[in-house]
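Chain by chain, the residues:
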Amino acid sequence: MFENPFMNASGVHCMTTTELEELAQSKAGTFITKSCTRNKRSGNPEPRYYDVALGSINSMGLPNLGFNYYLDYAINYEQRQPAKPPIFFSIAGMNTTENLEMLAMIESSNFKGITELNLSCPNVPGKPQLAYDFDATFSLLKQVFKQFTKPLGIKLPPYFDLVHFDQMAEILNQFPLVYVNSINSIGNGLYVDPQKESVVIKPKEGFGGLGGEYIKPTALANVRAFYTRLKPDIKLIGTGGIRNGQDAFEHLLCGATMVQIGTELHKEGPSIFDRLTKELTEIMAEKGYQTIEDFRGKLKTL
Ligand SMILES: O=C1NC(=O)NC(C(=O)O)N1
């Protein structure tokens, strides 16, 4: 249980212990670490993140301070008194071996929180978004659940075909996942500056993952599609395009249990969680809802 359904999206405001501590002290219900690899990574050349009117474009390339840095922080955080809500730990290995290695280290550690397996980073040159390869995803999850018994969720890219929702849900329903987090950025968009007649980020000739207002309809569709296809014990985390209480309400109405904030958090900083919790509370009061369960998942169709 969390005070409220809000948390950061992995990658935003969670690279360093300073940033993580700001989230810990914020009004967010909980928070998640930057997707890590076994060893630290410098990531792609800058500029690699750019805010635009309708959202953001990024090609960070999984820069992070390495697995041990984040696990040390997470375990220290869990030992604080009074006890804090569970936190989330994101991993994004460069290959199956690295993912299984990190999961084995988490399994044998004192970490008691929730692990998020990121299968959807679109920005490592030459690396596909694993979750677009259904067989590879199935094979990885089979290996994962042979060895991992702690709570595990996965971060998925957006899908755009109902058959893909059916196929992915059929795979995911075979595993004891705690949640599915939809969506990661919409991969490989291109933002053009017409004055400079140029792209705005350096990696991959300007191609990068889109976040923000651009992606809310796709995010809502993915949350809804998995909510209506997955077995009830696999919860949904809704990520994508949440700028205010109304956007959060829409994700919850589609079936999300928690919501993650990326682009807007990057623009506004951790005080956004004060605003979002207040706005959602006001919306619920206006509509006469006492709890989120009064409306969660109850999107009407025509
Ligand atoms: O999973 C990810 N999604 C993104 O949009 N960017 C980051 C990254 O590039 O590190 N990773």
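Residues numbered from 1 in each chain as written. Predicted model: local features only at pLDDT ≥ 70, side-chain atom pairs only at ≥ 80, totals over all residues. Heavy atoms only, no water.

### A short note on the overall build of the protein
- Scanning the protein for helices and strands turns up 9 helices and 13 strands.
- Computed over its C-alpha atoms, the radius of gyration of the protein comes to 18 Å, within 12% of the 19 Å expected for a compact globule of 302 residues.
- With the C-alpha coordinates of the protein rotated into their principal frame, the extents come out at 55 × 50 × 45 Å.
- Out of the 302 residues in the protein, the part that is buried amounts to 56%. (Helix = DSSP H or I, 4+ residues; strand = E, 2+ residues; numbered from the N terminus. Rg over C-alpha atoms; globule rule 2.2 N^0.38 Å. Buried < 20%, exposed > 50% of the residue type's maximum accessible area, 1.4 Å probe, protein only.)

### As for the environment of N123
- Following the sequence through the fold, N123 ends up in the loop between β5 (114–118) and α4 (134–147).
- As a C-alpha pair, N123 and G209 span 86 residues in sequence and 7.2 Å in three-dimensional space.
- The residues contacting N123, other than those within four sequence positions of it, are N44, N58, S59, M60, G61, K204, G208 and G209.
- Within the structure, the side chain of N123 is placed 3.1 Å from the side chain of N58, a separation counted as a polar contact. (Contact = heavy atoms within 4.5 Å. Polar contact = N/O pair within 3.5 Å; in protein donor to acceptor, adjacent residues only side chain to side chain.)

### Some thoughts on the layout of surface pockets
- There is about 640 Å³ of room inside the largest pocket.
- S10, G11, V12, Y49 and N58 are the residues nearest the centre of the largest pocket, which is lined by 42 residues in total.
- For the lining of the largest pocket, the secondary-structure elements that each account for two or more residues are β3 (55–58), β11 (207–211), β13 (258–261) and α8 (263–268).
- When its volume is computed, the second largest pocket comes out at roughly 490 Å³.
- If you go around the second largest pocket, you meet 17 residues; those closest to its centre are M1, F2, P5, T257 and I292.
- In terms of residue count, helix α9 (residues 272–287) provides more of the lining of the second largest pocket than any other element does, 4 residues in total. (1 Å grid on protein atoms, 1.4 Å probe; cavity = no way out; pocket = protein on both sides within 12 Å on 5 of 7 lines; lining within 4 Å. Points joined across faces, edges and corners; volume = space filled by probe spheres on them.)

On their own, these measurements won't tell you what the molecule is for.
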